[in-house]
Amino acid sequence: MTTSQAPSPEELAELRERYRLERERRVRPDGARQYRGAEAEFGYYAADPYAGQTPEREPLRDTVDVAVVGGGFGGILAGARLRRQGVERIRIVEKGGDFGGTWYWNRYPGVHCDIESHVYLPLLDETGYVPRWKYAPGEEIRRHAMRIAEQYDLYSGALFSTAVTSLTWDEASEVWIVATDRGDEFRAAYVITATGTLSEPKLPGIPGIEDFRGHTFHTSRWDYAYTGGTPEGGMTGLADKRVGIVGTGATGVQVIPMLAEDAHHLHVFQRTPSTVDVRANRRTTGRDVGADRDGWARERRENFLRIVSGEGAEQDLVADGWTSSAVLLEKLLPSFRRQGDREAFEAAYEIADAAKMNEIRARVEATVTDPDAAEKLKPWYRYACKRPTFSDTYYQAFDRDNVTLVDTADTHGIERMTERGVVVGGTEYGLDCLVFATGFSVGVSGVLSGKLPVHGRGGVQLLHAWAQHGPRTLHGFTADGFPNLIQMGSLQNASSVNFTHVLDEQAVHAAALVAAAEAAGALIEPAREAEDAWIAALAEGAPDHEWFHAECTPGYYNREGLGRPNGPTAYPHGAVAFHDLLRRWREESLHEVLRPRTTARA
Ligand code: NDP
């Protein structure tokens, strides 16, 4: 069955069985423990290849208004929105050597945004910038992060190549003490954490990595000194090299065609194939997106968010693979909301899903002429189980004579490395270089990781306070016992495939909280009852996705096949509804989280 027509009940039953078998081939009892972080003896995989020599500086002991942890888009947007509220002393602390976060670290060949740039790049109306491509290259996005930081004067207070190591609430003076790995210990009236979600590179926990005599690195720390070239290609250093790459997720799909062009020979070690849909990237002009109108970017990204959140819109301004599939689940949500019939919803979802996956598998067959490679490249799971990917050069790469696809599903991934290369199914593949496109540890950055201890009132540590009954927040941002601490990210908040949009709404909210507390001379701290009410709201109303992810092929979406963590982690009615809720709350109820100070503000 390779057409996109609606499948028959028999075909659906066959697919269900095939998906079950393919999932079983891949689930491992060790789940996320199969990986090892780029730390301790593997810390060099996370070293910064871009910053050059870190300049010496004296440790800081001063006081600022707001400390922001993280200089990716979350932190930059927080800074910009705070500036618009008139906040002066802002200090962004960032591990990398400059702003950009994900786009600072990920500079691998082929790196592009997989969401349309005109809705992904934030503050386009405010900066007047119009992206040049429908899907921007990484460097254009990184430059835009720097542009925002310059426009809102965020470089002046920033600390780069610096990691925050602890946050401690000082009861006596009602400020946070921010300690860093550069010996700083400065004070901040407010702290905003924007530490990102997929920022710590991970490696397969296989034996022998350290024995391999060839060269290795992770895609988020690309070694251009070894490969030569730039993110646009031209890796002349690989012309005589046997290169291997492990990983065929969103990163692998972008890198593999570039390596195929430049390597003498490329071995692609695949465990689970991605879905790779049409990309159709193209140059764009201001006229294409109506950039001469005030507020054009806001209108466009709201339109995109409505469609991918299942809210519907009269017009589809972006009109691409995301909006046409709307990741399927969201597309069907409006009718579920109207009818509330779970069975009808699931049945309609399964049919739409099977049709979409048939279309993707047909695309593989129509593009890849080698039947063996084509068979291995077909994905057998439901569309939203893994992040969908898009490329017009990926499948074509497997028709090249210098590319070999090695399927590793039966051995649960590459088995081990030797001095000479990689072993799969008893065969050793000799390599000069192995690239790890193996993704990032989930939930290990920021306050939830335990690597950034946060001590609130009475010295209570945030993770200890949450240990027994799980995280407790109001809207994901604030917590009882942790005054003037505002957390950005997806915990107990809303998410979307266009995460910069979500981050900007969070930044607006964070800045409004700070402005209100400043105006009232108060602290920001929700009551326990407000947290209880929020946790109850998270648990209510929408179809829970647990049943869906439980049957999915393993990956970071479902804790490597072991299911999602207990307790509600996200607002169930989607980002559009969440943003409306926050706007109303700011107008009507914000005063409820303001508590009197006992000291004068420093
Ligand atoms: P992923 O976690 O999505 O992919 C990791 C890959 O490594 C998977 O193919 C995985 O296989 C494979 N793998 C892991 N261990 C082994 C092993 N032992 N043997 C063989 N294969 C192995 O990481 P990515 O970096 O690709 O993407 C992470 C996220 O980053 C994306 O989901 C997306 O959110 C974001 N991203 C966004 C981009 C954008 O343009 N906006 C571009 C790139 C990434 P398996 O699937 O079987 O586990």
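Since the model is a prediction, treat every value here as computed from it, not as a measurement. (Residues numbered from 1 in each chain as written. Predicted model: local features only at pLDDT ≥ 70, side-chain atom pairs only at ≥ 80, totals over all residues. Heavy atoms only, no water.)

Chemist: Is there a simple way to think about the pattern of salt bridges in this case?
Modeler: If the charged atoms of two oppositely charged side chains come close together, the side chains can form a pair. Applying the stated criterion across every chain yields a total of 49 salt bridges. Here Glu 17 and Arg 20 are joined by a salt bridge, their closest N and O atoms 2.8 Å apart. Here Glu 17 and its partner Arg 20 are both found in helix H1 (residues 9-26), three residues apart, which amounts to about one turn of the helix. Here Glu 17 falls in the partly exposed class, since its relative accessible area comes to 36%. Across the salt bridge formed by Arg 472 and Asp 532, the nearest N and O atoms sit 2.8 Å from each other. Placement of Arg 472 in the loop between helix H15 (462-465) and strand S20 (485-487) and of Asp 532 in helix H17 (residues 528-539) is noted, with a sequence separation of 60 residues between them. Through salt bridges that share partners, Arg 18, Glu 22, Arg 25, Arg 26, Asp 407 and Asp 410 make up one connected network. (Salt bridge = Lys/Arg side-chain N within 4 Å of Asp/Glu carboxyl O. Helix = DSSP H or I, 4+ residues; strand = E, 2+ residues; numbered from the N terminus. Buried < 20%, exposed > 50% of the residue type's maximum accessible area, 1.4 Å probe, protein only.)

Chemist: Help me understand a nonpolar patch on the surface in this model?
Modeler: On the surface, Leu 198, Val 442 and Tyr 556 cluster together to form a nonpolar patch covering roughly 250 Å² of accessible area. With respect to the helices and strands, the residue Val 442 is situated in the loop between strand S18 (440-441) and strand S19 (454-455). With relative accessibility at 47%, the residue Val 442 sits in the partly exposed group. (Patch = residues over 30% accessible without salt bridge, like charges linked within 9 Å, V, L, I, M, F, W, Y side chains within 5 Å. Areas by Shrake-Rupley, 256 points an atom, 1.4 Å probe, with all protein chains shown as cover.)

Chemist: Is there a simple way to explain the site of the ligand in this structure?
Modeler: Taken together, 26 residues form the shell around the ligand, and within it His 112, Thr 251, Thr 272, Lys 386 and Tyr 556 come nearest. At a separation of 3.5 Å, an oxygen atom of the ligand approaches a polar backbone atom of Ala 437. Here the ligand loses 90% of its free accessible area of 920 Å² to cover by the protein chains. Element by element, the count of residues in the shell around the ligand is highest for helix H8 (residues 250-262), at three residues. Residue composition of the shell around the ligand, by class: 11 nonpolar, 11 polar and four charged. (Near = heavy atom within 4 Å. Polar contact = N/O pair within 3.5 Å; in protein donor to acceptor, adjacent residues only side chain to side chain. Nonpolar A, V, L, I, M, F, W, Y, C, P; charged D, E, K, R; others polar.)

Chemist: When you look at helix H19 (residues 574-588) in this model, what are you seeing that I'm missing?
Modeler: Note: α-helices contain 3.6 residues per turn, so residues at a spacing of three or four share the same orientation. With 15 residues, H19 ought to run about 21 Å at 1.5 Å a step, and its terminal C-alpha atoms sit 21 Å apart, in line with that. Listed as buried for H19 are Gly 574, Ala 575, Val 576, Phe 578, His 579, Leu 581, Leu 582, Trp 585 and Arg 586. (Expected span 1.5 Å × (residues − 1).)

Chemist: In this structure, what is going on with the domain arrangement of the protein chain? I would like to understand it.
Modeler: Where the parts come together, the accessible area they lose is often given as the size of the interface. Here the domain parsing of the protein chain yields domain 1 (9-37 + 201-279 + 345-440), domain 2 (63-198 + 442-540 + 571-596) and domain 3 (291-332). Using C-alpha coordinates to define each centre, domain 2 is positioned 25 Å away from domain 3. Residue-level contacts link 23 residues of domain 2 with 18 residues of domain 3. Surface buried jointly by domain 2 and domain 3 totals about 1700 Å² across both partners, of which 59% is contributed by carbon and sulfur atoms. The largest per-residue losses of area from domain 2 upon contact with domain 3 belong to Asp 125, His 501 and Val 576, which jointly make up 32% of the total buried on that side. The shortest N-O distance in the salt bridge between Glu 116 and Arg 300 comes to 2.8 Å. Inspection of the region where domain 2 meets domain 3 yields eight residue pairs in polar contact (both at pLDDT 80 or more). Of all the secondary structure elements, the ones that give two or more residues to the side of domain 2 that touches domain 3 are helix H4 (117-120), helix H5 (124-127), helix H16 (499-520) and H19. Among the elements that line the side of domain 2 that touches domain 3, the one with the most residues is H19, at four residues. Along the lines of polarity and charge, the residues of the side of domain 2 that touches domain 3 split into 11 nonpolar, six polar and six charged. (Domains from an automatic or database assignment. Contact = heavy atoms within 4.5 Å. Buried area = accessible area lost by both parts, 1.4 Å probe.)

Chemist: In this structure, what is going on with unusual backbone geometry? I would like to understand it.
Modeler: With glycine set apart, most residues show a phi of negative sign, and most peptide bonds adopt trans. A positive phi angle, close to 55°, is found at Asp 153, a residue other than glycine. Relative to the assigned elements, Asp 153 resides in the loop between helix H6 (138-151) and strand S4 (164-170).

Chemist: I tried to follow H17 on my own but got confused; where do I start?
Modeler: Across its 12 residues, H17 extends 17 Å between first and last C-alpha, which sits within 8% of the 16 Å expected from 1.5 Å per residue. Every buried residue belonging to H17 is among Glu 531, Trp 534 and Leu 538, and all of these are buried. Buried residues of H17, seen end-on, are gathered within an arc of 60° and therefore sit on one face of the element. Of the exposed residues in H17, those oriented more than 90 degrees away from the buried face are Glu 529 and Ala 539. (Arc of directions from axis to C-beta.)

Chemist: Is there a simple way to explain the environment of Thr 272 in this structure?
Modeler: As for its placement among the helices and strands, Thr 272 is situated in the loop between strand S10 (265-270) and strand S11 (276-277). You can call Thr 272 buried: its relative accessible area is 11%. Separated by 114 residues in sequence, Thr 272 and Lys 386 place their C-alpha atoms 9.7 Å apart. Those residues in contact with Thr 272 that sit more than four places away from it in its chain are Arg 26, Thr 248, Tyr 381, Lys 386 and Thr 553. Of note is the side chain of Thr 272, whose polar atom sits 3.1 Å from the side chain of Arg 26.

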